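Chain by chain, the residues:
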Amino acid sequence: MTVKRRFVAYYRVSTRKQGQSGLGLDAQRAAVANHLGDGLANVLAEFTEVESGRRNDRPALDEALTAARLHRATLVVAKVDRLTRSVGFLERLLEAGVDVRFADLPAIEGPTGRFMLQQMAAVAELEAGLISARTKAALAAAKARGQRLGGYRGGSLSTNAQARGRDEQSRLADRRAADLAPLLMKLRARGITSPTEIARALTAQGIPTARGGATWSAPQVTLIEARLARLQI
């Protein structure tokens, strides 16, 4: 069975009049539909912002990013200039941990897509990509010479590096829990309160687990609730 790709669409118009009339908005929807028109795309939600492109406080974009993280979906925007002209804002978008696709750019996602977005934010990031390419070329050359690659070489991560890794994992887990919090509140308001019931509801709604699984368990829900309690959310 073919699995459809998940997307969250974000549109922006500069004036409230445009938002009410659909002027500009219809063209953006058409651009996104044309870009995703392979029959394998599932647009889970659409968010429309009525803001100036120079402003960074965009609640609809925040909601779109939250929905994209929650569903492990890709954010799709009609045009790159519809998202932002601000370098700092693009950097904030990168920190959101969401793949972004622009209908007026090649459909490149994952690490390569993030690299392209980084170039929009800062040309200096190019050096990191070149270093990576040179490293891969050096490894390929070493392999061609018969040098053994991989395996244990007696090295280990420093204590500080391990601590930073744990901190980053904790930060991502906190953000995931915060993204789930509004949905858990809605489920409880409907009388779905036990971890088992919540797990079934999350599974039925197609919400991926932290590891990208399709089926939730009661212990997973309990861990999320404990993290939310610690965060006081």
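A. Examining the sheet that holds strand S2 (residues 41–50) more closely. A sheet is described by the order of its strands in space; here 4 strands give the open sequence S2-S1-S3-S4, paired in parallel fashion. Edge positions in the sheet fall to S2 and strand S4 (100–102), since each of these pairs with one other strand and no more. Strand-to-strand, the axes of this sheet are offset by a mean angle of 25°, without reference to chain direction. Relative to S4, strand S3 (residues 74–77) runs parallel, the two being bridged by 3 bridges.

B. Up close: the environment of Gln220. Its place among the elements puts Gln220 in helix H10 (residues 218–231). Beyond its immediate chain neighbours, meaning those up to four positions away, Gln220 contacts Thr209 and Thr215.

C. How the structure looks around H10. Here H10 is 14 residues long and its end C-alpha atoms lie 20 Å apart, about the 20 Å a rise of 1.5 Å per residue gives. Buried within H10 we find Val221, Ile224 and Leu228. End-on view of H10: buried residues confined to an arc of 60°, all on one side of the axis. Turned more than 90 degrees off the buried face of H10, the exposed positions are Pro219, Leu223, Ala229 and Arg230.

D. Just the pairing of strand S1 (residues 5–13), in detail. With 7 of 9 residues buried, S1 lies mostly within the body of the structure. In the sheet, S1 pairs with S2 via 9 bridges, with the strands oriented parallel. Counterpart to Val13 in the pairing with S2 is Val50.

The rules we used
- Residues numbered from 1 in each chain as written.
- Predicted model: local features only at pLDDT ≥ 70, side-chain atom pairs only at ≥ 80, totals over all residues.
- Heavy atoms only, no water.
- Pairing = 2+ DSSP bridges.
- Helix = DSSP H or I, 4+ residues; strand = E, 2+ residues; numbered from the N terminus.
- Axes fitted to C-alpha atoms, helices over the stretch in contact; angles between N-to-C directions.
- Contact = heavy atoms within 4.5 Å.
- Expected span 1.5 Å × (residues − 1).
- Buried < 20%, exposed > 50% of the residue type's maximum accessible area, 1.4 Å probe, protein only.
- Arc of directions from axis to C-beta.

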